[in-house]
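Breakdown of the fold
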Amino acid sequence: MTDLLIGGLPLPPALIALIRAGRWVPPPCERVYLDIFGAEPDHPYFYDLPDMKRQNEFWQRSGTEDVYGSPVEGRSVGIEPSLSIVIGDLGPDMPIALDYRATSTVPRVLHLRFSGSPEWVHIASSVEELISRLYGDDP
């Protein structure tokens, strides 16, 4: 499988395969969202490749001052839009993103959650871990 870049960042092969197979879709069970994201979904949407490219054209050009939870030096919270790919959302202002700040090969997965104030929460160390948590052994 050839590399697919979104804003110059490589989309993980496991996610590409799931998208191309038409299986990168929100799970029907709401309990999954609470267990993984700690939030209830509001019309969740997992992006296909055209939507992912379109969503990230604006997202990756945003400055850290334009998004919730700017990175704080010495802390792993926040997000750098130019070093991330938004792959879906759980509803308005609830994006799911791949964070490439630490590595360009195995991005961690973050989710913007509102619990009093907005914060980016680490939900998986890799796309493969997220896929396993979302779909179990049968994505």
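In this report, we go over the structure that sits alongside the text.

To continue, consider the overall build of the chain. Looking only at helices and strands, one finds 4 helices and 7 strands in the chain. Across the chain, helices and strands are ordered from the amino to the carboxyl terminus as β-β-α-α-β-α-β-β-β-β-α. The burial tally for the chain puts 45% of its 139 residues in the buried class. Sequence separation of 24 or more characterises 46% of the internal contacts of the chain that already satisfy a separation of 6 or more. Of the roughly 7,300 Å² that the chain leaves accessible, carbon and sulfur atoms contribute 51%.

This paragraph deals with helix α4 (residues 127–135). Within the sequence span of α4, burial applies to V127, L130, I131, L134 and Y135. Considered in projection along α4, the buried side chains sweep an arc of 105° and stay on one side of the axis. One or two steps after α4, the chain reaches G136, where phi turns positive at roughly 70°.

Time to look at the pattern of salt bridges. This structure, assessed with the given rule, holds 4 salt bridges. Here R54 and D51 are joined by a salt bridge, their closest N and O atoms 2.1 Å apart. Of this pair, R54 and D51 both sit in helix α3 (residues 49–59), 3 residues apart, which is roughly one turn of the helix. For D51, a relative accessible area of 13% corresponds to the buried category. Here D99 ties to R108 by a salt bridge, and the two come within 2.7 Å at their closest N and O atoms. Of the residues examined, D99 reaches a relative accessible area of 3% and is grouped as buried. What you see here is one network of salt bridges that share partners, running through D99, R101 and R108.

Moving on, we get to unusual backbone geometry. Glycine aside, residues mostly have negative phi angles, and peptide bonds mostly take the trans form. Unlike most non-glycine residues, H43 shows phi in positive territory, near 65°. Inspection of the secondary structure assignment puts H43 in the loop between α2 (30–37) and β3 (45–46). Positive phi values are uncommon outside glycine, yet D93 reaches one of about 55°. Structurally, D93 can be placed in the loop between β4 (84–89) and β5 (95–99).

About the criteria used
- Residues numbered from 1 in each chain as written.
- Predicted model: local features only at pLDDT ≥ 70, side-chain atom pairs only at ≥ 80, totals over all residues.
- Heavy atoms only, no water.
- Helix = DSSP H or I, 4+ residues; strand = E, 2+ residues; numbered from the N terminus.
- Buried < 20%, exposed > 50% of the residue type's maximum accessible area, 1.4 Å probe, protein only.
- Contact = heavy atoms within 4.5 Å.
- Areas by Shrake-Rupley, 256 points an atom, 1.4 Å probe, with all protein chains shown as cover.
- Arc of directions from axis to C-beta.
- Salt bridge = Lys/Arg side-chain N within 4 Å of Asp/Glu carboxyl O.

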